[in-house]
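In case you want the letters, here they are:
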Amino acid sequence: MPHFTVVPVKDDAQSNYDSLEGINWVDYRDTGQDVPDHQDTVSSDGHGNHKEDSPFLNSASAASKKNDFYDRNLALFEEELDIRPKVSSLLSRLVSYTNITQGAKEHEEEESAAASRRKTPKSPNMGTLMGVYLPCLQNIFGVILFLRLTWIVGMAGIMQSLLIVLMCCSCTMLTAISMSAIATNGVVPAGGAYFMISRSLGPEFGGAVGLCFYLGTTFASAMYILGAIEIFLKYLVPQAAIFHATDALGSDSAMLNNMRVYGSICLSLMAVVVFVGVKYVNKLASLFLACVIISIVSIYAGAFKSMTHPPEFTICMLGNRTLVRDRFDVCAKTVMKGNVTVPSQLWEMFCLPGNMSSPQCDDYFIQNNVTEIQGIPGLGSGIIRENMWSDYQQKGEISEKARLQSVDVHGAAENFGMYVSADIATSFTLLVGIFFPSATGIMAGSNRSGDLRDAQKSIPVGTILAITTTSLVYFSSVILFGSCIEGVVLRDKFGDAVRKNLVVGTLSWPSPWVIVIGSFFSTVGAGLQSLTGAPRLLQAIAKDNIIPFLRVFGHGKTNGEPTWALLLTGLIAELGILIASLDMVAPILSMFFLMCYLFVNLACAVQTLLRTPSWRPRFKYYHWALSFLGMSMCLALMFISSWYYAIVAMVIAGMIYKYIEYQGAEKEWGDGIRGLSLSAARYALLRLEVGPPHTKNWRPQLLVLLKLDEDLHVKYPRLLTFASQLKAGKGLTIVGSVVQGNFLDSYGEMQAAEQAIKNMMEIERVKGFCQIVVASKVREGIVHLIQSCGLGGMKHNTVMMGWPYGWRQSEDPRAWKTFINTVRCTTAAHLALMVPKNVSFYPSNHERFADGNIDVWWIVHDGGMLMLLPFLLKLHKVWRKCKMRIFTVAQMDDNSIQMKKDLAMFLYQLRIEAEVEVVEMHDSDISAYTYERTLMMEQRSQMLRQMRLSSAEREREAQLVKDRHSLVRMGSLYSDEEEEVVEAPPEKVHMTWTREKCEAEKRNRSHAPENFRELMSLKPDQSNVRRMHTAVKLNEVIVNRSHDARLVLLNMPGPPRDTDGDENYMEFLEVLTEGLERVLLVRGGGREVITIYS
């Protein structure tokens, strides 16, 4: 198989292409330059994005290869060969690509004497056996096999023990199948499970599960250290104990304190070893693995030897109770010294000193006999029948052999320490949690993918073979332990009945010390491996920069050693050691590993079901159903072993997930969750296509039309502020704008405008999408946005745009014609329309209105928008304390009292709290002010129609009108939409004057005073006078009632059918809203948007 080498090369070239998975810039230009410096395949940019260094070279000597670029047969493509290479040049780069190890190997080299010299990386040459199979064996076999498996068999019986092993091993086997599929779908660099999950399910899941995996590995190191200290204090050097029990009941607490002291010392020493040099840990790994294998072989040898020559380990029974054997010498009540029968040490333990003929002894001791039975009857003894079924015990319950006869008499409490008893209450679920860590460690192969000759073949084969081997060992060990060892010995966790020997050691051959010493070194080695791997996993998470507060742990020594991560790992492991109980630490790390395995299965299932094009694993023996089964088993095992630990682990993972999501981990790793979101979105959009939403589901889906200034900055961001307050993060928001020009020439400008709007949306906390259109005319661009924004059923139903202030001062009519054209387009498209006027006065998101009113002037009914919008605004914290008032207008022939009752009932049925008021508008004569206002409006319109006048004449006439009607306010302080840029005047053309042209010009000049006289004698149109009268009267009433309102919502009249009156329409709207600080003009979309029905 070819090997590839990644060589990073610095270049200033840039690309407009979006960066792909890990490749921010790829230059395919052909060079013949050899670069001897090599770096890691996976590096990190300043923002924490893992990136793969490009295997494609870029060099300044590209000109020397010009003949390669401009090949005669590729002349059609010669202009793009610098970014789209020839296949031959691409393949020539891929041939030298290799996956360099990231992890301990580089640290070893850095610590060597030649650390200052860069080395050419060696080709990975590890096969399946050394690279995957044996490391997995070493990680899977551990402390539980030697210290707790016999006890599990004794408590659960052979049948339930086999079920426990089957559940745990099936879970890891299904996870290994899923992991093999993911691992063979591309290169897996450092990080192992974290990398696989984060790149498959996204940074949120990756960070959450990565930290859970890290905590699991850290607590695993604590568990291994506790196991090593238990072997040290119980079986190797019991005399080293610092704390001693003052009575029989205090032995457990004394032992826990000893474990804490020695565990802390051991953790410190291990941390120093890891800090000084990880190469020592790697060199000792083979020794530790040899200890594990030798120990297991000695168990099998002892088991088969017991068929003919069972080892001599007798246990002493008082009645049917098991006695602690190291408290006395002879298993008898009396002994013969010469010809005299004297009390034994056992007698003295249960009886007071005195005459043997009338002893003062424990009742149970007196009435029951002392017997000796064989602790290891052997494989052919038939003891398997007694050990077949479970015998769970409560804490403090004495271990008894059911077949032995005894007189059931309550003994003295002070003699309780003489019996072997249960130190914790046991159950099936507890044993599952304790055993599961012995099935973990299946990720060791995937973590070493960089060292493998053929990772995509070795990882599945090696991992599955290792799980198969360990499962067979566990199954056979359960059967052998149940077939060879007496039940009371199996239930004796610490070997008290067999003179403080390790129970599994009593079965081994040639000596129990083989198991004791071998298990001690294997647990120490496993602890060192966990303490080495956990900081590197945390460092990989920190370098991804998805969890900001972990950023400091991405740094370390100059050679890359994760110093700070090692310190944190040591502190967390110390917490586990302070627990001091192997049986309590094991379920904790079971939770974290099970959660990690759960998400590995989920990642495989999601990728398989989505059928993403990049999902092409070489491992073919997987199926989404197997992944879901594995995921279900992981979840079930979590709750079976400890439901409260499971909830705590899920809460921790959920908090990390939400934290990463809140911090906005903007990583594009091509993860499956994004693909799942796309599939879910597609499904939802297809469902939405069935028909329009019901009135109950209607909410404003906004298209916000923004104006950008010449620097492409959002001119009036308060439009976005108001949109965010109205939406409160719900529904669809599309922010659109038009860039005037040609698409080919203005593409860069469009991208800059899009980025500016996105930045402003983020500042104003608007959750939505940005849509920029390039068009030759702004009016056409707006029409395109109204028609094409959205997708399927997820389209806007409401348009929000700014008011075109400055339209009066502009000689160019396009400023207000664009506005009116947009109003007509929204009406034709049956869309609702909102026009905030004086939007610069609108509150920011940081302001709070402590009181005030939102006034709704409901003049005509157009779907209920006026009722719904204040209700939505009051959901936002800015408007929450404002009260809602609804005004409606009654004419002369209306019953205003009845109208008020009906409106109050209507609002009650709508479940909207508002104050209701009916305003009566009496018929009145048209005032002189109204007549004058209409006249000024029509004179201005007429004046601006005479655009053919020379610029000097037009300016003079406009000045005359302005002087005559100085009462009219010509402008405003705030503009939501400025005039469109007037096209540049054409260049002067040299003309030859003839007599006819000269006379025509004189006639035009002589007509100018006549035109002005006609303008002054103009009679206003009666329909315009009526409309102006309505606008003036309504404005008087609204200003009188709502001059101090926080916001006034008002029906927006529709534009005239005749386009000749468009300019008059703008004047009507100005008059209608004059004197109001904040006005929202609302126009319904022609459908009901609010209902009284549930």
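Everything quoted here is computed from the prediction, not taken from an experiment.

Enquirer: Which residues make up the overall build of the protein chain, and what values go with them?
Expert: What the protein chain contains, in helices and strands, is 34 helices and 17 strands. Each of the 1094 residues in the protein chain was classed as buried or not, and the buried ones make up 51%. By sequence separation, contacts in the protein chain at least 24 residues apart represent 82% of the contacts at least 6 residues apart. Looking at the protein chain as shown, the accessible area adds up to about 52,800 Å², and 56% of this sits on carbon and sulfur atoms.

Enquirer: Just give me the short version of the pattern of salt bridges, but keep the residues and values in it.
Expert: Pairing between side chains becomes possible if they bear opposite charge and their charged atoms approach one another. Per the stated rule, a full pass over the model turns up 17 salt bridges. A salt bridge links Lys401 to Glu486; its shortest N-O distance comes to 2.6 Å. On the criterion of sequence distance, the pair formed by Lys401 in the loop between strand S7 (370-374) and helix H13 (428-435) and Glu486 in the loop between helix H15 (455-484) and helix H16 (487-490) is long-range, its members being 85 residues apart. Since its relative accessible area comes to 5%, Glu486 is described here as buried. In this structure, a network of salt bridges that share partners links the residues Arg148, Glu230, Asp423, Lys493 and Asp583.

Enquirer: So what about the environment of Met388? Which residues, and what values?
Expert: Note that Met388 resides in the loop between S7 and H13. Spatially, the C-alpha atoms of Met388 and Met159 are 6.0 Å apart, while their sequence positions differ by 229 residues. Those residues in contact with Met388, other than ones at most four positions away along the chain, are Gly157, Ile158 and Met159.

Enquirer: I'd love a proper account of the sheet that holds S7, names of residues and values included.
Expert: Across the sheet, three strands lie side by side as S4-S3-S7; this open sheet has antiparallel pairing. Every interior strand has two partners, whereas the edge strands, strand S4 (321-322) and S7, have only one. Sheet topology places strand S3 (residues 314-318) next to S7; five bridges connect them, and they run antiparallel. Bridged to Met317 within S7 is Thr371.

Enquirer: Now, about the packing of aromatic side chains: what can you tell me, with residues and values included?
Expert: For any pair of aromatic rings, the description rests on two quantities: the centre-to-centre distance and the angle between the ring planes. Taken as a whole and judged by the stated rule, the model has 27 aromatic pairs. Here the aromatic rings of Trp615 and Tyr622 are separated by 5.8 Å at their centres, their planes lie at 80 degrees, and the arrangement is edge-to-face. Its relative accessible area of 10% is what places Trp615 among the buried residues. With 5.3 Å between their ring centres and 70 degrees between their planes, Trp803 and Phe819 make a pair best called edge-to-face. Taken as a pair, Trp803 in the loop between strand S11 (798-800) and helix H27 (814-828) and Phe819 in helix H27 lie far apart in primary sequence, 16 residues in all. Members of the aromatic cluster, connected to one another through ring pairs, are Trp347, Phe350, Tyr364, Phe365 and Tyr419. The ring centre of Phe494 lies 4.1 Å from the NZ or CZ of Lys234, which sits over that ring.

Enquirer: Tell me about the pairing of S3, and name the residues and values.
Expert: Two faces make up the sheet, and in a regular strand the side chains alternate between them. Within S3, four of the five residues are buried, which leaves it mostly tucked inside the rest of the structure. Adjacent in sequence and paired antiparallel, S3 and S4 are bridged by two residues, among which Gly319 carries a positive phi angle near 65 degrees.

Enquirer: An account of the packing of helix H9 (residues 251-276) against helix H18 (residues 512-543) is requested, with residue identities and associated values reported.
Expert: Their axes nearest at 10 Å, the elements H9 and H18 cross at an angle of 55 degrees. Judged by the angle between their axes, H9 and H18 are oblique. Once H9 is placed against H18, the crossing between them reads as right-handed. Mapping the contact onto sequence places Leu267, Met270, Ala271, Val273 and Val274 in H9 and Val524, Gly527, Leu528, Leu531 and Thr532 in H18. Looking at side-chain class alone, the contact of H9 with H18 contains eight nonpolar, two polar and no charged residues.

Enquirer: Any chance you could break down the environment of Asp711 for me, citing the residues and the numbers?
Expert: With respect to the helices and strands, Asp711 occurs in the loop between strand S8 (702-705) and helix H24 (718-727). Taking the C-alpha atoms as reference, Asp711 lies 9.0 Å from Ala753; in sequence the two are 42 residues apart.

Enquirer: Please give an account of the state of the cysteines that cites residues and values.
Expert: For the structure on display, the rule yields two disulfides. Look at the protein chain and number its bonded cysteines as they come in the sequence; the links are 1-2, 3-4.

Enquirer: An account of unusual backbone geometry is requested, with residue identities and associated values reported.
Expert: In this structure, Pro510 follows Trp509 across a cis peptide bond, with omega equal to 10 degrees. Inspection of the secondary structure puts Pro510 in the loop between helix H17 (503-507) and H18. Not every positive phi belongs to a glycine, and Lys500 is a case in point at roughly 60 degrees. Tracing the sequence through the fold places Lys500 in the loop between H16 and H17. Given the relative accessible area of 30%, Lys500 is considered partly exposed. Its identity is not glycine, yet Asn545 carries a phi of approximately 60 degrees, on the positive side. Relative to the helices and strands, Asn545 resides in the loop between H18 and helix H19 (563-579). You can call Asn545 partly exposed: its relative accessible area is 22%.

Enquirer: So what about the side chain of Arg1083? Which residues, and what values?
Expert: Along the chain, the position of Arg1083 falls in strand S17 (residues 1079-1083). In this structure the side chain of Arg1083 is engaged in a polar contact, spanning 3.4 Å, whose partner is the backbone oxygen of Met1052. In contact with Arg1083, other than residues within four places in its own chain, are Val823, Thr827, Ala832, Leu833, Asp862, Met1052, Pro1053, Gly1054 and Pro1055.

Enquirer: I'd love a proper account of the side chain of Asn320, names of residues and values included.
Expert: Mapping Asn320 onto the fold places it in the loop between S3 and S4. Take Asn320: its relative accessible area is 10%, and that puts it in the buried class. Polar side-chain contacts of Asn320 include one of 3.1 Å to the side chain of Tyr364. A polar side-chain atom of Asn320 sits 3.3 Å from a polar atom in the side chain of Ser406. Filtering out sequence-adjacent residues up to four positions away, Asn320 remains in contact with Tyr364, Ser399, Glu400, Lys401, Leu404, Gln405 and Ser406.

Enquirer: Could you give an account of the pairing of strand S12 (residues 832-837), naming the residues involved and the relevant values?
Expert: Burial of S12 is extensive: six of the six residues sit out of reach of the surface. Side-chain alternation along S12 places Ala832, Met834 and Pro836 on one buried face and Leu833, Val835 and Lys837 on a second face that is also buried. Examined bridge by bridge, S11 and S12 share three bridges and lie parallel to one another. Bridge pairing in S12 places Thr798 opposite Ala832. Examined bridge by bridge, S12 and S17 share five bridges and lie antiparallel to one another. In the sheet register, Val835 faces S17, and the bridge partner there is Leu1081.

Enquirer: Which residues make up the sheet that holds strand S16 (residues 1047-1051), and what values do they have?
Expert: Hydrogen bonds between backbone atoms are what pair the strands of a sheet, whose relative direction is either parallel or antiparallel. Read across the sheet, 10 strands follow the order S10-S9-S8-S11-S12-S17-S16-S13-S14-S15 without closing on themselves; strand pairing throughout is mixed. The two strands at the open ends of the sheet, each matched to only one other strand, are strand S10 (769-775) and strand S15 (915-920). Between one strand axis and the next, the sheet turns through 20 degrees on average, direction left out of account. With six bridges joining them, strand S13 (residues 853-858) and strand S14 (residues 883-890) adopt parallel strand pairing. By the bridge assignment, Trp858 is partnered in S14 with Thr888.

Enquirer: Could you give an account of helix H8 (residues 203-236), with specific residues and numbers?
Expert: Taking 1.5 Å per residue, 34 residues should reach 50 Å; H8 reaches 47 Å between its end C-alpha atoms and fits that length. Counting buried positions along H8 gives 32 out of 34 residues, so the element sits mostly inside the fold.

Enquirer: Describe the nonpolar core, with residues and values.
Expert: Ranked by size, the top nonpolar core spans 166 residues in total, and within it Met223, Phe435, Tyr474, Phe481, Ile485 and Phe599 carry the most contacts. No other element matches helix H6 (residues 149-183), which puts 21 residues into this core. Residue contacts for Phe435: discarding those within four places in its chain leaves Ile144, Leu149, Ile152, Ile164, Val165, Cys168 and Tyr474. Counting residues in each nonpolar core, the second largest holds 56 residues, with Val735, Met750, Trp858 and Met867 among its members.

What counts, and where the lines are drawn
- Residues numbered from 1 in each chain as written.
- Predicted model: local features only at pLDDT ≥ 70, side-chain atom pairs only at ≥ 80, totals over all residues.
- Heavy atoms only, no water.
- Helix = DSSP H or I, 4+ residues; strand = E, 2+ residues; numbered from the N terminus.
- Buried < 20%, exposed > 50% of the residue type's maximum accessible area, 1.4 Å probe, protein only.
- Contact = heavy atoms within 4.5 Å.
- Areas by Shrake-Rupley, 256 points an atom, 1.4 Å probe, with all protein chains shown as cover.
- Salt bridge = Lys/Arg side-chain N within 4 Å of Asp/Glu carboxyl O.
- Pairing = 2+ DSSP bridges.
- Phe/Tyr/Trp six-rings, centres within 6.5 Å; stacked < 30°, edge-to-face > 60°.
- Lys NZ or Arg CZ within 6 Å of the ring centre and 35° of its normal.
- Axes fitted to C-alpha atoms, helices over the stretch in contact; angles between N-to-C directions.
- Parallel < 35°, antiparallel > 145°, perpendicular 65-115°, else oblique.
- Left-handed = near helix turned anticlockwise from the far one by under 90°.
- Nonpolar A, V, L, I, M, F, W, Y, C, P; charged D, E, K, R; others polar.
- Disulfide = S-S within 2.5 Å.
- Polar contact = N/O pair within 3.5 Å; in protein donor to acceptor, adjacent residues only side chain to side chain.
- Expected span 1.5 Å × (residues − 1).
- Core = buried A, V, L, I, M, F, W, Y, C linked by side-chain atoms within 4.5 Å.

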